[in-house]
Amino acid sequence: MATAINLQPLSATRVLAAGDFVLSAERVASVVQTLTAAGLHVTALHNHLVGEEPHAYFVHFWGDGEPVALAKGLRAALDAAR
């Protein structure tokens, strides 16, 4: 449905990543598992709306690490969100 990914380089070997995925219910578990497996931390899972159809779930995340490793993890999470 929607995804926001923010990257902040700290050095050539370290980056911070933060953002959120907006997902349908059937995509939440696979995206959370993929983020966690890649070393990204899921910080919140919730919805913002009441009575929306279809239901939209927000998965917020952050990570701190090597740029290519985080990028690969985020790519895998984007694939899981489809």
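Our structure's up above, just so we're on the same page.
Residues numbered from 1 in each chain as written. Predicted model: local features only at pLDDT ≥ 70, side-chain atom pairs only at ≥ 80, totals over all residues. Heavy atoms only, no water.

Trainee: What am I meant to see in the environment of His48 here?
Mentor: Within the element layout of this structure, His48 appears in the loop between β3 (41–46) and β4 (57–65). Of the residues examined, His48 reaches a relative accessible area of 51% and is grouped as exposed. A C-alpha to C-alpha distance of 16 Å links His48 and Ala4, two positions 44 residues apart in sequence. Those residues in contact with His48 that sit more than four places away from it in its chain are Phe58 and His60. (Helix = DSSP H or I, 4+ residues; strand = E, 2+ residues; numbered from the N terminus. Buried < 20%, exposed > 50% of the residue type's maximum accessible area, 1.4 Å probe, protein only. Contact = heavy atoms within 4.5 Å.)

Trainee: Looking at this model, I keep getting lost on the pattern of salt bridges. Mind explaining?
Mentor: In a structure, side chains of opposite charge can pair up when their charged atoms sit close to one another. Following the criterion strictly, the structure yields three salt bridges and no others. The partner of Asp64 in a salt bridge is Arg14, with the nearest N and O atoms 2.7 Å apart. Placement of the pair is Asp64 in strand β4 and Arg14 in strand β2 (residues 14–23), with a sequence separation of 50 residues. By relative accessible area, which is 38% here, Arg14 ends up partly exposed. Through salt bridges with shared partners, a single network forms among Arg75, Asp79 and Arg82. (Salt bridge = Lys/Arg side-chain N within 4 Å of Asp/Glu carboxyl O.)

Trainee: Help me out: how do you make sense of the pairing of β2 in this one?
Mentor: As a general feature of sheets, a regular strand has side chains that alternate between the two faces. Summarising burial for β2: seven of the 10 residues are buried, a large majority. With nine bridges joining them, strand β1 (residues 2–11) and β2 adopt antiparallel strand pairing. Bridge pairing links Leu7 to Ala17 in β2. Relative to β4, β2 runs antiparallel, the two being bridged by nine bridges. Within β4, the position partnered with Asp20 by the bridge is His60. (Pairing = 2+ DSSP bridges.)

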